[in-house]
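Residues per chain, in single letters:
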Amino acid sequence: MVDKQGRVGKVQPFALDGIERDSGGILRYTGLAPSLVAMLQSTVERFPDREAVVELGGERVTYREMWNRSARVAGGLKAAGIGRGDRVANLQPNGLAWVLGFFGTQLAGAVAVPVNTRLTEPEVDYVLNDSGATYVFRPGETLPDGESVVEDSAAPTDLAAIFYTSGTTGFPKGAMTTHENFMSNCETCVRVIKIERDTAIRNLVSVPLFHVTGCNSQLLLTTMLAGTTVIMPAFDVQQFLHTIIDERIDVLTSVPAIYWLATNQPNFSEFDMSGVRWVAYGG
């Protein structure tokens, strides 16, 4: 940035209020929810009847319904012997079941391990063994069900999930993600994209939920803002374009290749995109 005197300075991408440096020199946000469970509970208490998740071709659920069903998944996990800190792998495809499995794992006090559904069987086995997963949500199988359980004692520095890298130069590595990591990412997204708090955004997930873009920067951000996460079970460019209109999508977060493909469709000009307020991309 150049000022009126021609001096070059640093560009601040977002406000720096509510940030402190800890004793180790690390900058941290203040005032974040202490955990994903606390964040979700806050949203449910404030906006229980808002639409939380839409699975294209499937169900629509409110925040109250999502909370209740996730708590029953947590109860099913507890009945299966899963406790605090245990690893629960999620092999479900994009959809409501993936979301309920993820939040159910958090409500059980366990650690979510999203698994790339495009991996070969030996690669999946490696992730399951390396993470120490003791329970797996598998595609086509019913999610566990039991009496509602809510484990809400997680600390910000407690482990919440393990995301595995692509492993392009070797075996995938498990990236350990704390509750504070998740909440800090959500706060950063709000500040960078400049979304107003508690805006009932409608965010279209066209990428895999097992990826940090789909989970961390879309599902969790939208949940924190009490918006609606609209999930595509599989990507189709024409459905992508129609969904933006039909579901009144105002936030798009995807990869550059999808934007290129969409804008180069012969009928792209037929779609009124004026309702889209925020466009972001992930890698």
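Just above, that's the structure.
Caption draft 1: Spatial organisation of the nonpolar core. Grouped together as the largest cluster of nonpolar side chains are 68 residues, with contacts concentrated most on Met66, Val99, Phe102, Leu220 and Phe240. The residues touching Leu220, leaving out its near neighbours within four places in the chain, are Leu36, Met39, Phe102, Phe103, Phe182, Cys186 and Cys215. Counting residues in hydrophobic clusters, the runner-up holds 11 residues, among them Val113, Val127, Leu128 and Tyr164.

Caption draft 2: Quick peek at the side chain of Arg191. Counting through the fold element by element, Arg191 comes out in helix H5 (residues 179-193). A distance of 2.7 Å separates a polar atom in the side chain of Arg191 from a polar atom in the side chain of Glu187.

Caption draft 3: Here's a closer look at the packing of helix H1 (residues 36-46) against helix H6 (residues 212-224). One can describe the packing of H1 onto H6 by two numbers: an axis separation of 8 Å at closest approach and a directional angle of 50°. Classed by the angle they form, the pair H1 and H6 counts as oblique. On H6, the residues touching Leu36, Met39, Leu40, Thr43 and Arg46 of H1 are Leu220, Thr223 and Met224.

Caption draft 4: Summary view of the pattern of salt bridges. A full pass over the atoms with the stated rule returns 15 salt bridges. Here the residues in one salt-bridge network are Asp17, Glu187, Arg191 and Arg197, joined through shared partners.

Caption draft 5: Layout of the packing of aromatic side chains. For the structure shown, the criterion picks out 7 aromatic pairs. When the centroid spacing of 5.7 Å and the interplanar angle of 65° are considered together, the rings of Tyr135 and Phe137 count as edge-to-face. Relative accessible area serves as the criterion here: at 3%, Phe137 is assigned to the buried category. Aromatic side chains Phe235 and Phe240 sit 5.7 Å apart centroid to centroid with 55° between the ring planes, which places their arrangement in the tilted category.

Caption draft 6: Highlighting the pairing of strand E3 (residues 51-55). Sheet analysis places E3 next to strand E4 (residues 60-62), joined by 3 bridges and oriented antiparallel. Opposite Val54, over in E4, you have Arg60 as the bridge partner. Here E3 folds back onto E4 in antiparallel fashion, the turn holding 4 residues, of which Gly57 has a positive phi close to 80°. Here 3 bridges tie E3 to strand E11 (residues 228-231), and the two strands are oriented parallel to one another. In the sheet register, Glu55 faces E11, and the bridge partner there is Ile231.

Conventions and cut-offs
Residues numbered from 1 in each chain as written. Predicted model: local features only at pLDDT ≥ 70, side-chain atom pairs only at ≥ 80, totals over all residues. Heavy atoms only, no water. Core = buried A, V, L, I, M, F, W, Y, C linked by side-chain atoms within 4.5 Å. Buried < 20%, exposed > 50% of the residue type's maximum accessible area, 1.4 Å probe, protein only. Contact = heavy atoms within 4.5 Å. Helix = DSSP H or I, 4+ residues; strand = E, 2+ residues; numbered from the N terminus. Polar contact = N/O pair within 3.5 Å; in protein donor to acceptor, adjacent residues only side chain to side chain. Axes fitted to C-alpha atoms, helices over the stretch in contact; angles between N-to-C directions. Parallel < 35°, antiparallel > 145°, perpendicular 65-115°, else oblique. Salt bridge = Lys/Arg side-chain N within 4 Å of Asp/Glu carboxyl O. Phe/Tyr/Trp six-rings, centres within 6.5 Å; stacked < 30°, edge-to-face > 60°. Pairing = 2+ DSSP bridges.

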